[in-house]
Amino acid sequence: MQRIGAVDASFLAEYGQAALYLMAMLHINQGATLTNAARGAEALPLYGAAIGWLLRLELVPTALDVLGRMVDVAQRGGEGVADAALINLGAIALPIELAGGQRAAELLQAGYRAAHAAFAEDVNSEMVTVLCGLAKGHVYGTALRAGLRWDYRQDPEARARLDAIAGLERGLSPQAVRSPQPLGNEVQDELALVSYIGSATPRPGAEPAEVLHNLRHAFDAYAQRALLAEAHGQKPALLFHDDIQAVLDPETVLLDVLLTERPRGRSVVLTRVVTASGPPEVFINEVGAATSALAKVGGLQLRMHGLAPQVALLRASLRGDPESGEVEPALAGMSAALFGTSLWQRLGRLSAEGKQHLLVVPHGPLHFVPFHLLGDGEGDLAARFTVTYLPNVALLLRRKGRAPSTREGSAVFGHTFRAGNPFALPELPSVEQEVADIAAALGVHAELDAGATRTAVLEALRTRRFVHLATHGLHSVEAAAFHALFLWPEPGPAPAPEPAGDGRLHAYELLGEPLDGLEVLSLGSCSSALGRFDESDNLRGLPGTLLLAGARAILAALWPVRDAAARRGGSPRGSASCRRVNDCTRP
């Protein structure tokens, strides 16, 4: 068929779709024959080629069926299957996930886990690098590399959806607008946080608050699709060992953590340790948790990794009374689950050798684990290293050859909520002194209350090198696009197509903003380091959006923190609750 097309272009012009379909079916049938003959490594490239043709024909359900066959081959194992599975799944991962959505993500992740299990005890460090790159936010990493942007103001359907949401909000109480469907107690809230986004079904819609939940949930999915529409045909963002080493300084240790499995379905935590010189080291710690679990929370059935409930319990204990006796056992249990003895020993030696900076790349529910508080009985990681977090390893690409920021100056904003408070949020009396102290240290004037409008903050994010913002934040578990910061309401009606001037700044509003050159954004607000992740570890919410828009480092809080703690902790609100999320390798 390919030779005919090369000789006679008119043939493919007239019969091209039929020819592509015929070639796909021939490859599928040949792949099935090889699979039945226990020659899986040879079958995988045939299945991969067939998926490419089926996607060109927009036959997504058939392509997903063939992807299922590839996963089945990987799960059967056999000679050469592990390498062949990673290579051929990687070749079609981006287009099939963009076309097939959640179902494609589930199948790809099952294939990656099966490929790793097929390695058995023969751990190939370079293939582990590829595995981590594919399994952890492959699509998000590609969007980062391509510099994708999406401006809701230029999207008529997005504006229509937002108009419907705004109309419904006008008839609800401030509490219902802030949190349309609270889930229950803290443990339930944490379980929802650590589940895969998109795993929850819509609510019945019998009450206005349920309708608002569903509309926000649908808009969140729409915004993600709209952002990624330009990712088709982009070059996948995969970094190999040499690429990573080239951007690490001599004092940095990169800790790349992957939740995967070993033969017979044993769930493991795989940790890749990379420094500026020498080969990478791979540590595997087996845990008792399953690779997946279901939990019913607030009437919703949520899907999550089997380790996620332990993460939720740890986070709930850290939010509780520190004198209750629950915190230390929870931290010790998480430390044991994530780090084996050999890894702790290696980290101890690296510290003794003068390594000072630990750069953690989490995975799945581990994005919300305070790694800096984990320890081995001889002190926590924060006592040995400066610990920062890299949500996606593709952020290292920005480090390579990056020109210094041409921006100048700093901006400091604070909102006390003594006035300008349409959502009836609690006052933040410590903010006034907090922003005064930070502004004095930076040599700038602090904009307090009426000066901290959405317009002023956005202008600073677009033009200043350092920005600090002390205010209330609200995480949105049901729809990460609505992860928000609360600012002073705009005077007068908002100009179309801007959102209502009620002071909220949502994550989706930042997807089209040019934040390149914003060196550090310090968010003195509750839960501002949170967000959500999907089955493939693609990130949503404020941190993921800000980094995607070009911000280089974010200092933010992992959970709600008392106002007074913010000033004592130097802001953001809390000390042990803080984390730095960045795209660079030095604090």
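Residues numbered from 1 in each chain as written. Predicted model: local features only at pLDDT ≥ 70, side-chain atom pairs only at ≥ 80, totals over all residues. Heavy atoms only, no water.

1. A look at the overall build of the protein chain
What the protein chain contains, in helices and strands, is 21 helices and 18 strands. Classification of the 587 residues of the protein chain by burial places 57% in the buried group. Counting only contacts in the protein chain whose residues sit at least 6 apart along the sequence, the fraction spanning at least 24 positions is 74%. (Helix = DSSP H or I, 4+ residues; strand = E, 2+ residues; numbered from the N terminus. Buried < 20%, exposed > 50% of the residue type's maximum accessible area, 1.4 Å probe, protein only. Contact = heavy atoms within 4.5 Å.)

2. Details of the environment of P174
Following the sequence through the fold, P174 ends up in helix α9 (residues 174-178). Residue P174 is classed as partly exposed on the basis of its relative accessible area, which comes to 34%. Considering only alpha carbons, one finds P174 and F423, 249 residues apart in sequence, at a separation of 4.8 Å. Leaving out residues up to four positions away in the same chain, P174 has contacts with P422 and F423.

3. Some words on the sheet that holds strand β12 (residues 484-486)
Reading across from one edge, β11-β12-β13 is the order of the 3 strands in this open sheet, with antiparallel pairing throughout. Each end of this open sheet is capped by a strand with a single partner; those strands are β11 (473-474) and β13 (504-506). In terms of strand pairing, β12 meets β13 through 3 bridges, oriented antiparallel. Across the sheet, L485 pairs through a bridge with L505, a residue of β13. (Pairing = 2+ DSSP bridges.)

4. Some thoughts on the packing of aromatic side chains
Enumeration according to the criterion identifies 12 aromatic pairs in this entry. Between the aromatic rings of F219 and Y508, the centroid separation amounts to 5.1 Å while the plane-to-plane angle is 70 degrees, which identifies the pairing as edge-to-face. Of the two residues, F219 is situated in helix α11 (residues 208-228) and Y508 in the loop between β13 and β14 (520-524); the sequence distance between them amounts to 289 residues. The class of F219 is buried, set by a relative accessible area of 0%. A relative accessible area of 3% places Y508 in the buried class. In this structure an aromatic cluster arises from ring pairing among W150, Y152, F219, Y222, F482 and Y508. Looking at R216, its charged tip hangs above the ring of F482, at a distance of 5.4 Å from the centre. (Phe/Tyr/Trp six-rings, centres within 6.5 Å; stacked < 30°, edge-to-face > 60°. Lys NZ or Arg CZ within 6 Å of the ring centre and 35° of its normal.)

5. Here's the deal with the pairing of strand β10 (residues 466-470)
Extensive coverage of β10 is indicated by the burial of 4 of its 5 residues. Of the pairings in the sheet, the one linking strand β8 (residues 410-414) to β10 comprises 5 bridges and is parallel in character. Its bridge partner lying in β10, S410 is registered against F466.

6. Thoughts on the nonpolar core
For soluble globular proteins, nonpolar side chains are generally found buried alongside one another. Counting residues in hydrophobic clusters, the biggest one holds 117 residues, and the most contacted among them are W150, F219, L338, F339 and F371. If near-sequence neighbours (up to four positions away) are discounted, L338 is found in contact with V269, T271, N285, L307, L343, L366, V369, F371 and L374. By size, the runner-up hydrophobic cluster in this structure holds 49 residues, among which are A43, L57, A74 and V128. (Core = buried A, V, L, I, M, F, W, Y, C linked by side-chain atoms within 4.5 Å.)

7. Considering the side chain of S410
By the element assignment, S410 lies in strand β8. Under the relative-accessibility criterion, S410 is labelled buried at 9%. Residue contacts for S410: discarding those within four places in its chain leaves L442, V444, R464 and F466.

8. Quick notes on the packing of helix α13 (residues 308-319) against helix α14 (residues 327-338)
With their axes 9 Å apart at the nearest point, α13 and α14 run at an angle of 150 degrees to one another. With respect to each other, α13 and α14 are oriented roughly antiparallel. For the pair α13 and α14, the crossing hand works out as left-handed. Along its contact with α13, which presents Q310, V311, L314, S317 and L318, the element α14 presents V327, A330, L331, G333, M334 and A337. Across the contact of α13 with α14, the residue classes break down as 8 nonpolar, 3 polar and no charged. (Axes fitted to C-alpha atoms, helices over the stretch in contact; angles between N-to-C directions. Parallel < 35°, antiparallel > 145°, perpendicular 65-115°, else oblique. Left-handed = near helix turned anticlockwise from the far one by under 90°. Nonpolar A, V, L, I, M, F, W, Y, C, P; charged D, E, K, R; others polar.)

9. What to know about α14
For α14, spanning 12 residues, the distance from its first C-alpha to its last is 17 Å, which sits close to the expected 16 Å at 1.5 Å a residue. Among all positions in α14, only V327, L331, M334, S335, A337 and L338 are buried. In a view along the axis of α14, the buried residues occupy a sector of 165 degrees, so they form one face of it. Exposed residues on α14 whose side chains face more than 90 degrees from its buried face are E328, P329 and A336. Considering only its buried residues, α14 is in contact with β2 (266-274), β3 (281-286), α13 and α15 (341-352). (Expected span 1.5 Å × (residues − 1). Arc of directions from axis to C-beta.)

10. Notes on the pairing of strand β5 (residues 300-304)
When you tally the buried positions in β5, you get 4 out of 5 residues, the bulk of the element. Hairpin geometry of strand β4 (residues 293-297) and β5 is characterised by an intervening segment of 2 residues between the two adjacent antiparallel strands and by a positive phi of about 55 degrees at G298.

11. A few points about the pattern of salt bridges
For the structure on display, the rule yields 29 salt bridges. One salt bridge in this structure joins R39 and E42, with 2.8 Å as the shortest N-O distance. You can call E42 partly exposed: its relative accessible area is 38%. As a salt-bridge pair, R540 and D220 come within 2.8 Å of each other at their nearest N and O atoms. Taken as a pair, R540 in strand β16 (residues 539-540) and D220 in helix α11 lie far apart in primary sequence, 320 residues in all. There is no split in this pair, since R540 and D220 are both buried. Because the salt bridges share partners, they merge into one network encompassing D151, R153, E459, R462 and E513. (Salt bridge = Lys/Arg side-chain N within 4 Å of Asp/Glu carboxyl O.)

12. Focus: unusual backbone geometry
We note that A424 has phi near 55 degrees; this positive angle belongs to a residue other than glycine. Looking at the element boundaries, A424 is found in the loop between β8 and α18 (431-442). Residue class for A424 comes out exposed when judged on its relative accessible area of 56%. Within the chain, D537 stands out as a residue other than glycine whose phi angle is a positive 70 degrees. Mapped onto the elements, D537 comes out in the loop between β15 (532-533) and β16. On the accessibility criterion, D537 (2% relative accessible area) is buried.

What is shown is where atoms sit, not what they do.
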